[in-house]
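Topology and contacts: notes
So you can see what is in the structure, the chains are spelled out below.
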Amino acid sequence: HRRKSLLQILHLPFLSQIQRHHRAMVHHRKSMSLQEEFHAYRSRMNARILGSDSKVFKRLWSLDTLTYQDEGVLDKKTKELMGLCVSLAMRCDSCVKYHIEEALKAGANEAEIVETFEIATVIGGSIVIPELRRAFDYLDELLSTDSADS
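Presented here is a report on the structure given in the accompanying data block.

Cut-offs and rules
- Chains are numbered independently. Their residues run from 1 in the order of the written sequence.
- This being a predicted model, a pLDDT of at least 70 is required before a residue's local features are given, and a value of 80 or more before pairs of side-chain atoms are given or counted; all residues contribute to the totals for chains, interfaces and linings.
- Excluding hydrogens and water, the side-chain values take into account all heavy atoms of the structure.
- Stacked, tilted and edge-to-face are the three classes assigned to paired rings of Phe, Tyr and Trp, where Trp is represented by its six-membered ring and a pair needs centres within 6.5 Å; plane angles under 30 degrees give stacked, over 60 edge-to-face, the rest tilted.
- Secondary structure is summarised from DSSP: a helix means a run of H or I of at least four residues, a strand means a run of E of at least two, and numbering begins at the N terminus for each.
- Think of it in three bands: residues with accessible area under 20% of the maximum for their type are buried, residues over 50% are exposed, and the middle band is partly exposed, with areas taken using a 1.4 Å probe on protein chains only.
- What makes a salt bridge here is a side-chain nitrogen of Lys or Arg within 4 Å of a carboxyl oxygen of Asp or Glu, nothing more.

**A look at the packing of aromatic side chains**
For the structure on display, the rule yields three aromatic pairs. Between Phe38 and Tyr138, the ring centres sit 6.0 Å apart and the planes meet at 75°, which makes this aromatic pair edge-to-face. Of this pair, Phe38 sits in helix 3 (residues 34–50) while Tyr138 is found in helix 8 (residues 129–149), placing the two residues 100 residues apart along the sequence. Each member of the pair, Phe38 together with Tyr138, is buried. Note on Phe57 and Trp61: the rings are 6.5 Å apart at their centroids and 70° apart in plane angle, and the pair reads as edge-to-face. Taken together, the positions of Phe57 and Trp61, both in helix 4 (residues 55–67) and four residues apart, correspond to about one turn of that helix. Looking at Phe57, the relative accessible area reads 36%, which means it is partly exposed. Residue Trp61 is classed as partly exposed on the basis of its relative accessible area, which comes to 27%.

Here is the structure:
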């Protein structure tokens, strides 16, 4: 015979609802690509943050946008690779994903991105390796999606 879970024994329907919701979210995440999941979360949270009507957040978003424009001595690709390097060394997962995408859009190729990964790993040390794994995973997904579209 089958054992009852603690939730069934205690008759806590709200906890089983949470458990069902969690299973649904895990299933939903498995059906989304890394890129889709990243963009959905980023869009939702950016809307939430900017919706708070904070002047500080709005000014920071504006400064960030202006920093990476293709104006000035450094071109956009170089700026994105620099942003990627710092983001990886600082272990900011969502920043790494963002800068990988932007670097590819700005014309960076796989070799340039991998070399940027190397520099970031040397700067950050071995503690960067778990983030490096995720960065390669994300890069591989973007490159495979890109080659499938071609």
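**Here we look at the pattern of salt bridges**
Side chains carrying opposite charge are able to pair once their charged atoms draw close together. On inspection of all chains with the given rule, the structure shows eight salt bridges. Residues Asp93 and Lys97 are paired through a salt bridge, measuring 3.3 Å at the closest nitrogen-oxygen approach. Remark: Lys97 and Asp93 occur in helix 6 (residues 93–105); sequence separation between them is four residues, near one turn of the helix. For Asp93, the salt bridge is made with Arg134, and the minimal N-O distance between the two is 3.6 Å. Residue Asp93 is found in helix 6, and its partner Arg134 is found in helix 8; the two are separated by 41 residues along the sequence. What makes Arg134 partly exposed here is its relative accessible area of 41%. By sharing partners, the salt bridges in this structure join Lys76, Glu80, Glu102 and Lys105 into a single network.

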